[in-house]
6 protein chains.
Amino acid sequence: MDFLSRQTPGFSGADIANVCNEAALIAARNGKKEVDRQDFLDAVDRIIGGLEKKNKIITPSEKRAVAYHEAGHATVSWMLEHAAPLVKVTIVPRGRSLGAAWYLPEERLIVHPEQMLDEMCAALGGRAAEKVMFNKISTGALSDLEKVTKQARAMVTIYGLSDKIGNLTYYDSSGQSEYGFTKPYSEQTAELIDKEISSIIEAQYARAIKLLEDNKDKLIELAEVLLEKEVIFKDNLEKIFGSRPFIVEDREGPSK
Amino acid sequence: MDFLSRQTPGFSGADIANVCNEAALIAARNGKKEVDRQDFLDAVDRIIGGLEKKNKIITPSEKRAVAYHEAGHATVSWMLEHAAPLVKVTIVPRGRSLGAAWYLPEERLIVHPEQMLDEMCAALGGRAAEKVMFNKISTGALSDLEKVTKQARAMVTIYGLSDKIGNLTYYDSSGQSEYGFTKPYSEQTAELIDKEISSIIEAQYARAIKLLEDNKDKLIELAEVLLEKEVIFKDNLEKIFGSRPFIVEDREGPSK
Amino acid sequence: MDFLSRQTPGFSGADIANVCNEAALIAARNGKKEVDRQDFLDAVDRIIGGLEKKNKIITPSEKRAVAYHEAGHATVSWMLEHAAPLVKVTIVPRGRSLGAAWYLPEERLIVHPEQMLDEMCAALGGRAAEKVMFNKISTGALSDLEKVTKQARAMVTIYGLSDKIGNLTYYDSSGQSEYGFTKPYSEQTAELIDKEISSIIEAQYARAIKLLEDNKDKLIELAEVLLEKEVIFKDNLEKIFGSRPFIVEDREGPSK
Amino acid sequence: MDFLSRQTPGFSGADIANVCNEAALIAARNGKKEVDRQDFLDAVDRIIGGLEKKNKIITPSEKRAVAYHEAGHATVSWMLEHAAPLVKVTIVPRGRSLGAAWYLPEERLIVHPEQMLDEMCAALGGRAAEKVMFNKISTGALSDLEKVTKQARAMVTIYGLSDKIGNLTYYDSSGQSEYGFTKPYSEQTAELIDKEISSIIEAQYARAIKLLEDNKDKLIELAEVLLEKEVIFKDNLEKIFGSRPFIVEDREGPSK
Amino acid sequence: MDFLSRQTPGFSGADIANVCNEAALIAARNGKKEVDRQDFLDAVDRIIGGLEKKNKIITPSEKRAVAYHEAGHATVSWMLEHAAPLVKVTIVPRGRSLGAAWYLPEERLIVHPEQMLDEMCAALGGRAAEKVMFNKISTGALSDLEKVTKQARAMVTIYGLSDKIGNLTYYDSSGQSEYGFTKPYSEQTAELIDKEISSIIEAQYARAIKLLEDNKDKLIELAEVLLEKEVIFKDNLEKIFGSRPFIVEDREGPSK
Amino acid sequence: MDFLSRQTPGFSGADIANVCNEAALIAARNGKKEVDRQDFLDAVDRIIGGLEKKNKIITPSEKRAVAYHEAGHATVSWMLEHAAPLVKVTIVPRGRSLGAAWYLPEERLIVHPEQMLDEMCAALGGRAAEKVMFNKISTGALSDLEKVTKQARAMVTIYGLSDKIGNLTYYDSSGQSEYGFTKPYSEQTAELIDKEISSIIEAQYARAIKLLEDNKDKLIELAEVLLEKEVIFKDNLEKIFGSRPFIVEDREGPSK
């Protein structure tokens, strides 16, 4: 019933190996001697989203809703320093997904609250775009909401990143609570946790709404390109938004 | 003890295949060379409701109550833009059901709150008709209530469609709560959820009551036709209500 | 320790077959060529209550208490339009039961709150009679209380028949709660449910008390006949109360 | 650690058969040709309390405490109309029990709250005597408290005998709650239940205290006889208290 | 991490048999022809504490803390009428225990609250001594706290010895709660129980503190002897405190 | 996602044996005839942290964050009397850990609250350094928070070291709660426990912040040395801070 616009959390090494393999197969199947960019992108799609199913029945207005939802993700994540850099956005349906936005995976070793909040804001960018453009939201944001809820809960109850709950954790690395009875905190603490989670999420939703209202012309431009081409890449985004002003630090790899 | 007036959620492909098969068998059994409309309708009935049981003892006043209950569903769903379009209403008892209203299944890919609310209103149209006509309600609405309760709960706790609870979800796609203790929210949140569910449902019930009071003459006309014919179709509805003013967008199928 | 004055919920077809069989056997055992009314009534007793055990030690005052309890059920149910029509009342002990009132089973297809309330009032008629006559109640009403509590709970939490809880249900036809954590509602809702159940029951108890106080002479007359004869039938009731003023609608059977 | 002064709940038929057998064996062992009263009483002791263990180390002050505890039960139950009639009191230790009071079992078919309250008062008579005589209580009343707590809880939650909770029951004869989630009532109801149970028990304790204070001379007389003789019977009680003013109704047995 | 200064709850018959055996073995091993007092004491130590482990690394300040902790138990229990009479105190580490105080077991048949409170006070004497002498407490009192907490809880919830909770018990001799849902009381009662337990314990802690402050010179004298000799007996205590003013009633044994 | 800066709880005898073995192997592998200091340190690393993984991709700013986090632990623990003495700090990534601080294990037999609080302060020194230096914290403190939360909870609910909860324990040495229903305390007590845990932790965090602000120059000096050398030892710390002013009592070992 819902469309699931997925934001990938990043590729593992094994994923990348799979993609390379698949890309080679695609190129071979198409009689090419070299594996080009398109083969790789198709391979990525196939590994994560399953085979393309072009035969899904979709109405023009649904297509439009998906395009704006995905454009919302793309626009918000482009504008936020700590959100993962976007690679590709598609509205070709695949599996249960009606559209998807792909990001360059970042293996962060230390995560700061600013980064978590930016990612939550980007995840809420899909629903925010529906709200800003059509003034009506949908069930399509379910997986975004799940991601955001878990992130906010982790900030508050696991990583000690909420002022109100403070520098403690309800995480138990042993997998079994040590001195523990069923629930390790009181009802009052449960209420405080709920309020913190809610206020973190609503703040990011409001921020996403604000960002998209301030950049409504670009959001529209992007969504319309997406409707026309069905798949767009970083280049298309740069043409609309200009290059991102944030400098991303390089990781010192093993070869250095 | 209760009659279960069912609103079908729509047919799957497999269901349709079954119906075609069954229709062919019915036609053959009746010595026909072609499968006509009645064979199909009988097949639908058989697949979903089981064989007709005409031998159920039913009093005239019960029959009347069922007719008005079903006419209530039909009237409300006809009047609401986002409710599924009605195909057939019957008060021939079948299995545990004393009556039923069949709708054209709609495979919606994106669901908006407006659609959910219209469907809930239509589901409450049965009880609303009992109230409006006889000023007494019955246990016959049990399955309608179950549908409506689950829908409202999903809006609030799954799809993040309640302003008071906000853009979060208590859904866990992994099927096992990640950081989770038994109940993922506080008593206070539980209260808020109960209030939201209740206010969503009662608003739709009030809306159904209002719609039926404003169209009481048509409700009566429809119910009386139903009492007389026991089964009515879209045509009968159109004769009473005129055609629906809403334009339903076509889905672009795979053949396009 | 408690006497269980049972109000039968009605006979199934299989029960009736059993009774006929048993009645034939009883008649044969008594050397009769025909099965008469008494044989049938004895068969009913045997099927439901087990064999008569006349050897139970019972004091005269206990006998009196049982007689008034059963007469209370009979009187209240006679006076209420929607209570099931009474067939027989007995104070011959049988199994764990010291007395019983048998009703004509009614297979209702649609149940209205008025009917539920009348039946609850009749079920509370036993304890109400103890209260009205002796101004002291006993443990003998346990099974009546169980019936009444479950009925009231069902009205509130299953059939959506309480204004305060509204048109929702906590029933799950799938047998497993769908989005569910242990308890599907908050403490506040639990309180509301308790209050509704309690106020429904106490209203019917008060109504039963009122009915019996207004008809105390008839209650006494009935109980004294019962003490004398140990078993009474519909005829005896009609002699005391006159015929019931309510017209019960006939069911249209399969043969019609 | 605690002495358990037991009040027997009555003998079953099987118990009585056992006692007769045992009495015959005791008489035979003692070379008697007839079974006399003492043989029967010894048999009763053996069946219920196990063999006498005279070798238990007990201090004079403990003996005294036990005697007054048991005399307390005996005095209170003698004075209350609905308490079971006393047969024998002993302070000979047996098994885990340091003393015991035996009552004539009464198989009541209908139990009134007055009877329950009288029995609870008698059960609390042991501790009340400790309080009245020594102004200090002990752990020895544990089994009395258990009996009283269960009785009070049953009055409130099972038999509908509390005004505040009303004519409903949390008993489920099917052994599995029908519409049920874990706890069938709200916290508020749980509080009300606790308060009712507590006020029922404390009222009976206060009543037992009052009864013993008003009859302190007789309590002392009885306890001193008990200390001297270790076992006393109904006759001894009658000598001190006079015969009971209450007329107990005979049961009409099967032979009538 | 904690030192466990154990107060033995008393020896069973089997324990005593074991001790005699062990004492004989020790005497034999040491080439003695008779079993003397020391052999018995060593046997007691071995049965309960395991073999002496002199090789445990312990700092002088830790030794001092243990000595004062144990002297605290000894001093308080010497001063309280109902605390069990002390036999031996040791600060030789054994197993997980850094020190221990041995008492003459008393098989009490009737236990009064005064006795329970005195024993709780003595159990808290260890921590109280740490507080009085060093104004800092430690984790070493864990087993004392466990004993005291369970005792206080039993007074309140099992033996009906708290005025606020009254003459009822949450004990179920059948081992399975009869009418029972998970927790047999309300949140409000749970709070009351917590408060009662807490106030019982804190009163005894305050009493232990007071006793030790009033007898600080004797506490110091005792602790210093203990530090010097590592093991002290009843005689040493009597030399410091004089003989106990309380007369302990003899038990009338089976041989009497 | 998080870096885990571990504070070791100390080596067991078996650990030390393993380390010696491993050190001998390392020396042999490097063609040395004697096992020198570096071999031992490498062995320690290998036993606890697994093999060095120099190929982990880490950005300069991450490296810097890790260095300050570890320097924070080192600085705070150096300044607190009861914190375990530091041996080595490293920012060479190993397994899931990006850095680590090693301490001399102390087998304390008696633990005072002062020691627990100092250790909690040192554990929070990592996050405190992030806050003081960069004014932003990270997920890297997860294992520190877990340690601190468990310690604070143990102080309050196990060792009776909180004034507000008092001298009781919710620890059950038998491993199964004796009189116990699921949770052994009320909601109100649960709230009190939460507040105590929170206030203990936040006080130590504030203390760590204060200590680091007061010694910011030394913190920076230490972190910069660490960034340069990647591994530093007690000597480096002494060069920056001077020797610790606290005299640590020697344990009297078995050989004395």
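Residues numbered from 1 in each chain as written. Chains lettered and ligands numbered in written order. Predicted model: local features only at pLDDT ≥ 70, side-chain atom pairs only at ≥ 80, totals over all residues. Heavy atoms only, no water.

### Brief notes about the overall build of chain A
For clarity, the threshold we go by: Where helices and strands are cited, they refer to DSSP runs of H or I of at least four residues and of E of at least two residues respectively, numbered from the N terminus. Think of it in three bands: with a 1.4 Å probe and only protein chains considered, a residue is buried below 20% of the maximum accessible area for its type, exposed above 50%, and partly exposed in between. In what follows, residue pairs with any heavy atoms lying within 4.5 Å of each other are defined as contacts. Where accessible areas are quoted, they stem from the Shrake-Rupley method and a 1.4 Å probe; at the residue level, only the protein chains shown are allowed to cover.
On a plain count of helices and strands, chain A comes out with nine helices and four strands. Helices and strands in chain A line up, N terminus first, as β-α-α-α-β-β-α-α-α-α-α-β-α. The buried share of chain A, taken over its 256 residues, is 54%. Sequence-distant contacts in chain A: of pairs separated by 6 or more residues, those separated by 24 or more amount to 74%. As displayed, chain A has an accessible area near 11400 Å², and 52% of this comes from carbon and sulfur atoms.

### A closer look at the interface of chain E and chain F
Here is the rule we go by: Summed over both partners, the accessible area (1.4 Å probe) lost when two parts come together is defined as the buried area. A carboxyl oxygen of Asp or Glu within 4 Å of a side-chain nitrogen of Lys or Arg is what we treat as a salt bridge. Polar contacts here mean pairs of N or O atoms no more than 3.5 Å apart (in protein, one a potential hydrogen donor and the other a potential acceptor; neighbouring residues in sequence count only if both atoms are side-chain atoms). Lys, Arg, Asp and Glu make up the charged group, whereas Ala, Val, Leu, Ile, Met, Phe, Trp, Tyr, Cys and Pro make up the nonpolar group; the residues left over, Gly among them, are polar.
Listed per partner, the contact involves 44 residues of chain E and 38 residues of chain F. Buried area between chain E and chain F, summed over both chains or domains, comes out near 3700 Å², and the portion from carbon and sulfur atoms is 59%. Applying the counting rule to chain E against chain F returns one salt bridge. Of the charged contacts, one joins K150 of chain E and D172 of chain F as a salt bridge, the two residues approaching to 2.7 Å between their closest N and O atoms. Put simply, chain E and chain F have 14 residue pairs in polar contact (both at pLDDT 80 or more) between them. The set of elements that each furnish at least two residues to the side of chain E that touches chain F consists of α3 (60-79), α5 (125-134), α6 (142-157) and α7 (187-214) of chain E. Counting residues per element, the side of chain E that touches chain F draws most heavily on α7 of chain E, at 10 residues. Looking at the side of chain E that touches chain F residue by residue, the class counts come to 21 nonpolar, eight polar and 15 charged.

### Re the relation of the copies chain E and chain F
Here is the rule we go by: Only residues with pLDDT of at least 70 in both copies count here: their C-alpha atoms drive the least-squares fit that superposes the copies.
For the match of chain E to chain F, the screw axis carries a shift of 0.0 Å, the RMSD comes to 0.1 Å, and the turn is 60°. The two molecules are tied by a six-fold rotation axis, judged by turn and shift. Identified as the residue of chain E closest to the rotation axis by C-alpha distance is E187 of chain E, at 7.1 Å. When the interface residues of chain E are mapped onto chain F, a mere 14% of them are again interface residues, pointing to distinct binding faces.

### Some thoughts on the relation of the copies chain F and chain A
You can overlay chain F on chain A at an RMSD of 0.1 Å; the transform is a turn of 60° with a shift of 0.1 Å along its axis. Mapped onto chain A, only 14% of the interface residues of chain F are again interface residues, and the two copies thus contact each other with different surfaces.

### Quick word on the interface of chain F and chain A
Accessible area lost upon the coming together of the parts is a frequently used measure of interface size. Contacts between the two partners involve 44 residues from chain F and, on the opposite side, 38 residues from chain A. Carbon and sulfur atoms make up 59% of the surface buried where chain F meets chain A, a total of about 3700 Å² over both sides. In this assembly, chain F and chain A are joined by one salt bridge. Viewed at the interface, chain A and chain F are joined by 14 residue pairs in polar contact (both at pLDDT 80 or more). The set of elements that each furnish at least two residues to the side of chain F that touches chain A consists of α3 (60-79), α4 (113-134), α5 (142-157) and α6 (187-214) of chain F. The element contributing the most residues to the side of chain F that touches chain A is α6 of chain F, with 10 residues.

### Brief notes about helix α4 (residues 113-123) of chain C
When you tally the buried positions in α4 of chain C, you get nine out of 11 residues, the bulk of the element. Considered for burial, the residues of α4 of chain C that qualify are P113, Q115, M116, D118, E119, M120, C121, A122 and A123 of chain C.

### Focus on the pattern of salt bridges
With the rule as written, the count across this model stands at 42 salt bridges over all chains. Across the pair K150 of chain A and E146 of chain A runs a salt bridge, and its minimum N-O distance is 3.0 Å. With a gap of four residues between them, K150 of chain A and E146 of chain A both fall in helix α6 (residues 142-157), about one helical turn apart. Classification of K150 of chain A by relative accessible area gives buried; the value is 18%. On the basis of relative accessibility, which here comes to 7%, the residue E146 of chain A falls in the buried class. Members of the salt-bridge network, linked through shared partners, are E146 and K150 of chain A together with D172 of chain B.

### With respect to the environment of A128 of chain E
Residue and element names in this part refer to chain E. By secondary structure assignment, the location of A128 is in helix α5. Remark: the alpha-carbon pair of A128 and V76, spanning 52 residues in sequence, is separated by 9.5 Å. If sequence neighbours within four positions are ignored, A128 has contacts with Y205, A208, I209 and L212.

### Brief notes about the environment of I26 of chain B
Looking at where I26 of chain B falls in the secondary structure, it is placed in helix α1 (residues 13-29). Here the alpha-carbon distance between I26 of chain B and Y170 of chain B, two residues 144 residues apart in the chain, equals 47 Å.

### Quick look at the packing of aromatic side chains
Heads up, the rule is: Any pair of Phe, Tyr and Trp rings, taking the six-membered ring for Trp, is counted once the centres come within 6.5 Å. Such a pair is stacked with planes under 30 degrees apart, edge-to-face with planes over 60 apart, and tilted for the rest. Two limits define a charge over a ring: the Lys NZ or Arg CZ must be within 6 Å of the ring centre, and within 35 degrees of the ring normal.
On inspection of all chains with the given rule, the structure shows 18 aromatic pairs over all chains. It is R244 of chain A that lies over the ring of W78 of chain A; its NZ or CZ is 6.0 Å from the centre.

### Quick word on unusual backbone geometry
A positive phi angle, close to 50°, is found at N135 of chain A, a residue other than glycine. Within the secondary structure, N135 of chain A is located in the loop between α5 (125-134) and α6.

### Section: the confidence of the model for chain A
Residues and elements named next belong to chain A. The condition is simple: Confidence of the prediction at every residue is given by pLDDT, a number between 0 and 100.
Counting all residues, the mean pLDDT for chain A is 81, and 77% of those residues have values of 70 or more. Averaged over each element, pLDDT in chain A is lowest for strand β1 (residues 6-7) (38) and highest for helix α7 (residues 187-214) (97). For residues 1-12, every residue scores under 50 in pLDDT, and the model assigns this stretch 58 contacts once sequence neighbours within four places are set aside. Note that pLDDT drops below 50 for residues 177-181; the model gives that stretch 12 contacts with residues more than four away or on any other chain. Across the interface, the model reports ipTM at 0.77; the global pTM reads 0.82.

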